[in-house]
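Remarks on the overall topology
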Amino acid sequence: MKTRTLGPFDVSAIGLGCMPMSMNNDHEYPSREESVATIHAALDAGVTLLDTADIYAPSWDTFGHNEELVAAALHAYGTLPDGLVVATKGGITRGPGDTWGRDGSMSYLRSAVEGSLRRLGRDVIDLYQWHRPDRSMDYAEVVGNFAALVQEGKVRCVGISNANVEEIRIAQDVLGPGGLVSVQNEFSPRYRKSEGELRYCAEQGIAFLPWSPLGGTGGGGRSVGTEFSVFADIAADHGVSPQQVVLAWELALSDRVIPIPGARRAASIVDSAAAADLVLTEDELARCSAAGQVG
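Residues numbered from 1 in each chain as written. Predicted model: local features only at pLDDT ≥ 70, side-chain atom pairs only at ≥ 80, totals over all residues. Heavy atoms only, no water.

**Some details on the packing of aromatic side chains**
In this description, an aromatic ring pair is defined by two values, namely the gap between the centres and the angle between the planes. Taken as a whole and assessed by the stated rule, the structure comprises seven aromatic pairs. Among the aromatic residues, those joined into a ring-pair cluster are Phe187, Phe208, Phe228, Phe231 and Trp249. (Phe/Tyr/Trp six-rings, centres within 6.5 Å; stacked < 30°, edge-to-face > 60°.)

So, in structure tokens, the structure goes:
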């Protein structure tokens, strides 16, 4: 597996988004055994970046479900790959009746990261990401809270998610040179509104982690070749899946892009991982870029 830079880490060019095993748009979840097998298949394929979050769960009263799945899979795997990075996120609340909220306070984030450490069975979180902005608080103040978690030794690196360029700049100012290692925003052929953030991250040497890079868990990923036929046409020429073409195109946009396609079946992540070795021509890349929805 080819690697890319994520802060102090060298990780696989394709990561695994673990969310669909615990939370997805059609509410169909694999068994625990199937989920563990999917994570094991990712590791076998050379994937060394696993992305999860504390809120990824089938219901509010199973909070932390996905982190626990990741921990179980890693425990059962045996000797883990060198350089494995487990990324998780905090800052979104989920309570009785599936009430949702956001909390960037120091007290909440400290409690959240301690819960993630416990569920993941780790001494430190490799990459802890602010999941979504808490609009009731000053953005810089919350980023400062994440910096404090680093100082406390609970977190190795900080990332932000669902952020615009202005917010990325604020995080850079607060964390200092090299302190912000990643930005995780939605990006796919059907959602191109984060292109400005992708370009900015490329200029600044910050890893850009597209979430839902194939189009989402509600069938968008499965139908990407139908919705955007150019990916299917190019895939046929290469004898690969349209999904591989999408990921190869995204990888070609910048050497700072690390897609994290979600998967709930082993075959899905094995197919996605192969995109790291798919090389598209300049003409094919231009056709891909022209096909997506811009704006």
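**Structural notes on helix H6 (residues 195-204)**
Of the positions making up H6, those classed as buried are Glu197, Leu198, Tyr200 and Cys201. Viewed along the axis of H6, the buried residues span an arc of 165 degrees, placing them on a single side of the element. Tucked inside the fold, the buried residues of H6 contact helix H5 (165-175), strand E10 (180-184), strand E11 (207-208) and helix H9 (242-253). Of the residues one or two after H6, Gly205 is the one with positive phi, at around 75 degrees. (Buried < 20%, exposed > 50% of the residue type's maximum accessible area, 1.4 Å probe, protein only. Helix = DSSP H or I, 4+ residues; strand = E, 2+ residues; numbered from the N terminus. Arc of directions from axis to C-beta. Contact = heavy atoms within 4.5 Å.)

**A word on the sheet that holds strand E9 (residues 155-161)**
Within the open sheet, the seven strands sit side by side as E3-E4-E5-E8-E9-E10-E11. Their pairing is parallel. Two strands in the sheet have a free side with no partner beyond their single neighbour: strand E3 (16-17) and E11. Across the sheet, helix H4 (residues 139-151) lies against strand E5 (85-90), strand E8 (125-130) and E9, angled at about 170 degrees from E8, the strand it touches most. (Pairing = 2+ DSSP bridges. Axes fitted to C-alpha atoms, helices over the stretch in contact; angles between N-to-C directions.)

**Structural notes on the packing of helix H8 (residues 229-238) against helix H11 (residues 282-291)**
Where H8 meets H11, the closest approach of the two axes is 9 Å, and the angle between their N-to-C directions is 155 degrees. Taken together, the axis directions place H8 and H11 in an arrangement best described as roughly antiparallel. Together, Val230, Phe231, Asp233, Ile234 and His238 of H8 and Glu284, Arg287, Cys288 and Ala291 of H11 make up the contact between the two elements. Taken together, the residues of the contact of H8 with H11 sort by class into five nonpolar, one polar and three charged. (Parallel < 35°, antiparallel > 145°, perpendicular 65-115°, else oblique. Nonpolar A, V, L, I, M, F, W, Y, C, P; charged D, E, K, R; others polar.)

**Side note on the nonpolar core**
Grouped together as the largest cluster of nonpolar side chains are 71 residues, with contacts concentrated most on Leu16, Leu50, Ile160, Ile168 and Leu280. Excluding anything up to four places from it in sequence, Ile168 contacts Ile160, Ala163, Leu180, Val183, Glu197, Tyr200, Cys201 and Ile206. Membership of the second largest hydrophobic core comes to 13 residues, among which are Leu49, Leu127, Ala207 and Ile258. (Core = buried A, V, L, I, M, F, W, Y, C linked by side-chain atoms within 4.5 Å.)

**Digging into the side chain of Ser194**
Within the secondary structure layout, Ser194 lies in the loop between E10 and H6. Setting aside chain neighbours within four positions, we find Ser194 in contact with Asn185, Glu186, Phe187 and Phe208.

**Considerations on the environment of Leu69**
Within the secondary structure, Leu69 sits in helix H2 (residues 65-77). Separated by 47 residues in sequence, Leu69 and Ser22 have C-alpha atoms that sit 8.6 Å apart.

**A closer look at the pattern of salt bridges**
Considering all chains together, one arrives at 14 salt bridges under this definition. As a salt-bridge pair, Arg94 and Asp98 come within 2.7 Å of each other at their nearest N and O atoms. For Arg94, a relative accessible area of 11% puts it in the buried group. Residue class for Asp98 comes out partly exposed when judged on its relative accessible area of 29%. Across the pair Arg192 and Glu195 runs a salt bridge, and its minimum N-O distance is 2.6 Å. Residue classification places Arg192 among the buried positions, given a relative accessible area of 6%. Where salt bridges share partners, they join Arg110, Glu114, Glu152 and Lys154 into one cluster. (Salt bridge = Lys/Arg side-chain N within 4 Å of Asp/Glu carboxyl O.)

**What about unusual backbone geometry?**
Its identity as a non-glycine residue notwithstanding, Asp98 has a phi of 55 degrees, on the positive side. Tracing the backbone shows Asp98 in the loop between strand E6 (92-95) and strand E7 (99-102). Positive phi, normally seen in glycine, also occurs at Asn162, with a value near 55 degrees.

**Describing the environment of Glu250**
In this structure, Glu250 sits in helix H9. When the C-alpha atoms of Glu250 and Asp123 are compared, they prove to be 33 Å apart, with 127 residues separating the residues in sequence. When neighbours within four sequence positions are excluded, Glu250 is seen to be in contact with Phe187, Ser188, Pro189, Pro213, Val257 and Pro259.

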